[in-house]
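A look at the structure
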Amino acid sequence: MEKWWKERVVYQIYPRSFCDSNGDGIGDIRGIISKLDILKELGVGILWLSPVYRSPNRDNGYDISDYYSINPEFGTMADMDELIEKAAERDLKIVMDLVINHTSYQHEWFIKSRVKEEPYTDYYIWRDKPNKWTGFFGGSTWTFDEQRRQYYLHLFDEGQPDLNYNNPKVLKSVKEVMRFWLDKGVAGFRCDVINVLYKSSLKNGRPRIALRGREYFISQEGTFEVLKELKRDVLSKYDCFTVGETVMVSPEQAKKLCNSGLDMVFSFEHMDADCFFIKWLLRRFKPKRLFKALVKWQTKAPWNAVYLENHDQPRSVSRFGDDKNFHKESAKALAVLLLSLKGTPYVYQGEEIGMTNFDFESMADIRDVESTNVYAIAKKLHLSERYRWRMIRLKSRDNARTPMQWSGETNAGFSSGEPWLKVNSNYERVNFKDEYAEPDSIWNFYKRLIAFRNGSEVLKRGDFIPSYTGRDVLAFERVLGDERLGVVVNLSGGRRSAPCTGVAALSTHGRERLDGELQPYEAAIFWR
Ligand code: ISL
Ligand code: CA
């Protein structure tokens, strides 16, 4: 028997945009509870919730002001307990987002740190003078605090001060937080930006276009030590798992992070298939770049967290598929890719019904702090209005955050009130209710694929063996003992041939045999 977290498919919920039970326009925990049966039917086995803790929402919950309470917008601790219980009744495990690189500036620790109240004086990183580092959302990583008359470090928004991992008291507090949630019965953590925790120096570092200073905060020795300690003192005492979100790691570093206590990591190399190194430097998407990065990680990392979408990334069908001419086909082809690679697959809410990027027309509709910051910086750099909007339209994180489209009714069935972020106007065409009813839909294809995977030892555990990486086509095998499954994916709007013949187990085009010829965006899993 493999570990359960290697065998199950994960479903990521962005609670704010999932389902609103009380009409205030904000998704909530009771909304999630109301959808558990549908998620069970889809076949997923683990639910990862983006942060639901108390937060002033500068970064939609990734700025936590109290790790021990639920944001009232989302419900109460009693609702959370009920969610964990009702999920368990259906054998669904709940995974929490653990954001411990930083807290909110409204966290009690920070408020006390500002006035040097012990033991919080050194919970954060304070300096009399800022260095030249630049942060994830652009601009300086330092903000002056009037009360303390010093600058504090924040790799993200100024509302997200970084914790000081040179202070053992910080780690002690973090361990308490983790135990609290594990004792409640959650099954693990998705660890936010986990490889930047430890800052080994505050020297300027060499000049760079993005993330100056990173040689002192990415994957530093101190971070590995922190992870080992968390594993030893907390994680190893529970039947749980961790997936680390890691920025700029190589497969070798991923291995090291896993040896230090994480069970798997989200890497980002395949997310560069449509940009140069940072997401804002746009270039045209090329399937081959995506395939190459995936194959590299498949063959080099110990165990992958496989994903094509999350709450920070544009929608995959708009980005790697064709949401205009081949919406259904390309969404299904991407599903085959996601669910047949080796590793634990992560489906992001809405991906299973082919939700697309937003159709907003101006910054007035944008809510994401990263987008507004970057847009302002681009303006200062005198980039044209047109280019700036193109950047936002293609890459804004709000693309993935528009409300879940449950039906063709008012507000896509997400809420009876005005949603916090505009619904995509294609909801009458793209929505769960219709997808559920239509046997040949994307949702039903996901359901069949997940069921197939859940019942297939070779897909869950088999080796990954690449067989063909073309410009638009990827083919590989999964092998376990003498069982062999072939997988082929065409990510182009043209007909392609590829070395694949066999009997189809699952096909995007309802095909029974593979004969080496593929239709636009055709993909299949087949027996060789
Ligand atoms: O969003 C990104 C690219 O679009 C990344 O730079 C992202 O900010 C980075 O991967 C870290 O993401 C995580 O931590 C952030 C939070 O805003 C993100 O939502 C979260 O996934 C700070 O907590
Ligand atoms: Ca609500």
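Structural data are supplied above this passage.
Structure report, in brief. (Residues numbered from 1 in each chain as written. Chains lettered and ligands numbered in written order. Predicted model: local features only at pLDDT ≥ 70, side-chain atom pairs only at ≥ 80, totals over all residues. Heavy atoms only, no water.)

**Structural notes on the coordination of the calcium ion (ligand 2)**
At the metal site, the calcium ion (ligand 2) is ligated by Asp20 (OD), Asn22 (OD1), Asp24 (OD), Ile26 (O) and Asp28 (OD), and these contacts range over 2.2 to 2.4 Å. Between consecutive donors of the calcium ion (ligand 2), the numbers of intervening residues give the motif D-x1-N-x1-D-x1-I-x1-D. The partly exposed category is assigned to Asp24, whose relative accessible area is 38%. Relative accessible area serves as the criterion here: at 11%, Ile26 is assigned to the buried category. (Donors = N, O, S within 2.8 Å, 3.2 Å for Na, K, Ca; no water. Buried < 20%, exposed > 50% of the residue type's maximum accessible area, 1.4 Å probe, protein only.)

**What to know about the layout of surface pockets**
Its volume calculated, the largest pocket comes out at about 1,200 Å³. Forming the walls of the largest pocket are 48 residues, and the residues nearest its centre are Phe136, Ile278, Lys279, Trp280 and Glu370. Among the elements of the structure, strand 13 (278–282), helix 12 (369–380) and helix 13 (385–395) are those that each provide at least two residues to the lining of the largest pocket. Of the residues contributing to the lining of the largest pocket, the split by class is 25 nonpolar, nine polar and 14 charged. In this structure, the second largest pocket occupies an estimated 860 Å³ of space. Lining the second largest pocket are 31 residues, with Phe285, Ser318, Arg319, Gly321 and Leu394 positioned closest to its centre. Mapped by element, the contributors of at least two residues to the lining of the second largest pocket are helix 10 (316–319) and helix 13. Looking at the lining of the second largest pocket, the element that brings in the most residues is helix 13, giving four residues. (1 Å grid on protein atoms, 1.4 Å probe; cavity = no way out; pocket = protein on both sides within 12 Å on 5 of 7 lines; lining within 4 Å. Points joined across faces, edges and corners; volume = space filled by probe spheres on them. Helix = DSSP H or I, 4+ residues; strand = E, 2+ residues; numbered from the N terminus. Nonpolar A, V, L, I, M, F, W, Y, C, P; charged D, E, K, R; others polar.)

**What to know about the site of ligand 1**
Every one of the 17 residues lining ligand 1 counts as a neighbour, but Asp59, Asp192, Glu245, Lys279 and Asp312 are closest to it. Between an oxygen atom of ligand 1 and a side-chain N or O atom of His311, the distance comes to 2.9 Å. Against a free-state accessible area of 490 Å², the protein chains account for coverage of 94% of ligand 1. For ligand 1, the cavity whose grid points lie within 2 Å of the majority of its atoms is the largest pocket. Classifying every residue of the shell around ligand 1 by side-chain character gives five nonpolar, three polar and nine charged. (Near = heavy atom within 4 Å. Polar contact = N/O pair within 3.5 Å; in protein donor to acceptor, adjacent residues only side chain to side chain. Areas by Shrake-Rupley, 256 points an atom, 1.4 Å probe, with all protein chains shown as cover. Sits in = over half its atoms within 2 Å of the grid points.)

**Examining the sheet that holds strand 18 (residues 483–490)**
Strands sit in the order 16-17-18-21-19-20 across an open sheet of six strands; the sheet is antiparallel. The sheet terminates laterally at strand 16 (463–469) and strand 20 (513–518), the two strands that pair on one side only. Strand-to-strand twist in this sheet, taken as the mean axis angle between neighbours without regard to direction, amounts to 30°. Direction of pairing for strand 19 (residues 496–507) relative to strand 21 (residues 523–527): antiparallel, over a ladder of four bridges. Across the sheet, residue Ala504 finds its bridge partner in strand 21, namely Phe526. This element, helix 9 (residues 287–300), spans strand 16, strand 17 (473–480) and strand 18 of the sheet and lies at about 155° to strand 16. Helix 11 (residues 327–340) rests against strand 17, strand 18 and strand 21 of the sheet, and its axis sits at about 145° to strand 18. (Pairing = 2+ DSSP bridges. Axes fitted to C-alpha atoms, helices over the stretch in contact; angles between N-to-C directions. Contact = heavy atoms within 4.5 Å.)

**Topic: the sheet that holds strand 6 (residues 126–127)**
Ordered by their spatial adjacency, three strands build an open sheet running 6-8-7, and the pairing between neighbours is antiparallel. Edge positions in the sheet fall to strand 6 and strand 7 (142–145), since each has one partner strand and no second. Summarising the sheet, strand 7 and strand 8 (residues 150–153) pair through four bridges and their orientation is antiparallel. Bridge pairing links Asp145 to Gln150 in strand 8.

**Topic: the side chain of Ser113**
Tracing the sequence through the fold places Ser113 in helix 5 (residues 108–114). Its relative accessible area of 0% is what places Ser113 among the buried residues. Once residues within four sequence positions are removed from consideration, Ser113 is found in contact with Tyr120, Thr121, Tyr123, Tyr124, Trp126 and Arg148.

**Topic: the pattern of salt bridges**
Following the criterion strictly, the structure yields 50 salt bridges and no others. Here Arg90 makes a salt bridge to Asp37, at a shortest N to O gap of 2.7 Å. Here Asp37 lies in helix 3 (residues 36–42) and Arg90 lies in the loop between helix 4 (77–89) and strand 5 (93–98), a separation of 53 residues in the sequence. Residue class for Asp37 comes out partly exposed when judged on its relative accessible area of 49%. Between Glu146 and Arg149 there is a salt bridge, with the nearest N and O atoms lying 2.7 Å from each other. (Salt bridge = Lys/Arg side-chain N within 4 Å of Asp/Glu carboxyl O.)

**Quick word on the packing of aromatic side chains**
Summed over the entire model, instances satisfying the criterion amount to 34 aromatic pairs. Centroid distance Trp48 to Tyr346: 6.2 Å. Interplanar angle 80°. Geometry classified as edge-to-face. Highlighted residues: Trp48 in strand 2 (residues 46–49) and Tyr346 in strand 15 (residues 344–348), separated in sequence by 298 residues. Residues Phe432 and Tyr436 carry aromatic rings whose centres are separated by 5.5 Å and whose planes lie at 35° to one another, so their mutual orientation is tilted. Remark: Tyr436 and Phe432 occur in helix 14 (residues 432–437); sequence separation between them is four residues, near one turn of the helix. A residue is classified by how much of its surface remains accessible, and Tyr436, at 36% relative accessible area, is partly exposed. A network of ring pairs unites the aromatic residues Tyr53, Tyr67, Tyr68, Trp109, Tyr120, Tyr123, Phe180 and Trp181 as a single cluster. Over the face of the ring belonging to Phe224 we find Lys256, whose NZ or CZ atom lies 4.3 Å from the ring centre. (Phe/Tyr/Trp six-rings, centres within 6.5 Å; stacked < 30°, edge-to-face > 60°. Lys NZ or Arg CZ within 6 Å of the ring centre and 35° of its normal.)

**Some thoughts on the packing of helix 8 (residues 251–259) against helix 9**
The geometry of helix 8 relative to helix 9 is characterised by a closest axis approach of 10 Å and an angle of 40° between their N-to-C directions. The orientation of helix 8 with respect to helix 9, classified from their angle, is oblique. Judged by the twist between their axes, the crossing of helix 8 over helix 9 is right-handed. Taken together, the residues of helix 9 that come into contact with helix 8 (itself represented by Pro251, Glu252, Ala254 and Lys255) are Lys296, Trp297 and Lys300. The residue makeup of the contact of helix 8 with helix 9, split by class, is three nonpolar, no polar and four charged. (Parallel < 35°, antiparallel > 145°, perpendicular 65-115°, else oblique. Left-handed = near helix turned anticlockwise from the far one by under 90°.)

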